[in-house]
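Below, each chain spelled out in residue letters.
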Amino acid sequence: MIERVIVGISGASGAAIAVRIVEQLASMPDVETHLVVSDAARRTLDLECGADALDRLRARAHKHHSVTDVGASIASGSFPVRGMIVAPCSMQTLSAIATGRADTLLTRAADVQLKERRRLVLLARETPLHLGHLRSMCAATEMGAIIMPPVPAFYHRPRTVDEIVDHLATRAIDLLALPSGPIALPWQGQ
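Residues numbered from 1 in each chain as written. Predicted model: local features only at pLDDT ≥ 70, side-chain atom pairs only at ≥ 80, totals over all residues. Heavy atoms only, no water.

**Q** Mind laying out the environment of Arg82, listing which residues take part and the relevant values?
**A** Along the chain, Arg82 turns up in the loop between strand S3 (63-65) and strand S4 (83-89). With a relative accessible area of 27%, Arg82 lands in the partly exposed category. Leaving out residues up to four positions away in the same chain, Arg82 has contacts with Glu3, Arg4, Val5, Arg118, Arg119, Leu176, Ala177, Leu178 and Pro179. Here the side chain of Arg82 touches Ala177 through a polar contact of 2.2 Å, landing on its backbone oxygen. (Helix = DSSP H or I, 4+ residues; strand = E, 2+ residues; numbered from the N terminus. Buried < 20%, exposed > 50% of the residue type's maximum accessible area, 1.4 Å probe, protein only. Contact = heavy atoms within 4.5 Å. Polar contact = N/O pair within 3.5 Å; in protein donor to acceptor, adjacent residues only side chain to side chain.)

Next comes the structure, spelled out in structure tokens:
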């Protein structure tokens, strides 16, 4: 059975994580990836991942939706999906999701995940945090979202930035609880 996954990319730093998530999902034969990219994310992708990053993402996703197309399939609860990952999730996007402001396809698709009680994983990207950020995270969590700041783990002793990005991407995907099972290396204990 094919599982649909939405990947939203907003304009915070950390675009490499989104690229890796889409690459990993593309390697799963039972996953259909739907991509929506904010205007600010286009700039961040270009800056952090290269001028061809968006084209590479579009080529790997099954469907790319314009952020202005609030009538797209992913804007409806009747379009079944496994869940959605927003990576990175800017504080502006997080705030919009937390307050139900669904004025772009990215925030509308996230809102649909919440109303349909589907998994919504938000890789909230900001530091340091002020009280408004924390309250938005709390509100989104109370609505059912999973807040996953992209904080690297070091127990697997990463040697490169790519290894850190890979681990963050796999952890985010695992939070969707795909039937194919976890892909991140688990902690084995001492």
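**Q** An account of the sheet that holds S4 is needed here, citing residue identities and associated values.
**A** Spatially, six strands are ordered S3-S2-S1-S4-S5-S6 in an open sheet, and the strand pairing comes out parallel. Of all strands in the sheet, those with a lone pairing partner are S3 and strand S6 (146-147), marking the two edges. Two strands pair when backbone bridges link them, and strand S1 (residues 3-9) and strand S2 (residues 31-37) are joined in this way by seven bridges, in the parallel orientation. Each residue of the ladder has a partner; that of Glu3, found in S2, is Val31. The strands touched by helix H5 (residues 105-115) are S1, S2, S3, S4 and strand S5 (119-124); relative to S4, the strand with the most contacts, the crossing angle is about 135°. (Pairing = 2+ DSSP bridges. Axes fitted to C-alpha atoms, helices over the stretch in contact; angles between N-to-C directions.)

Geometric values such as these leave the question of function open.
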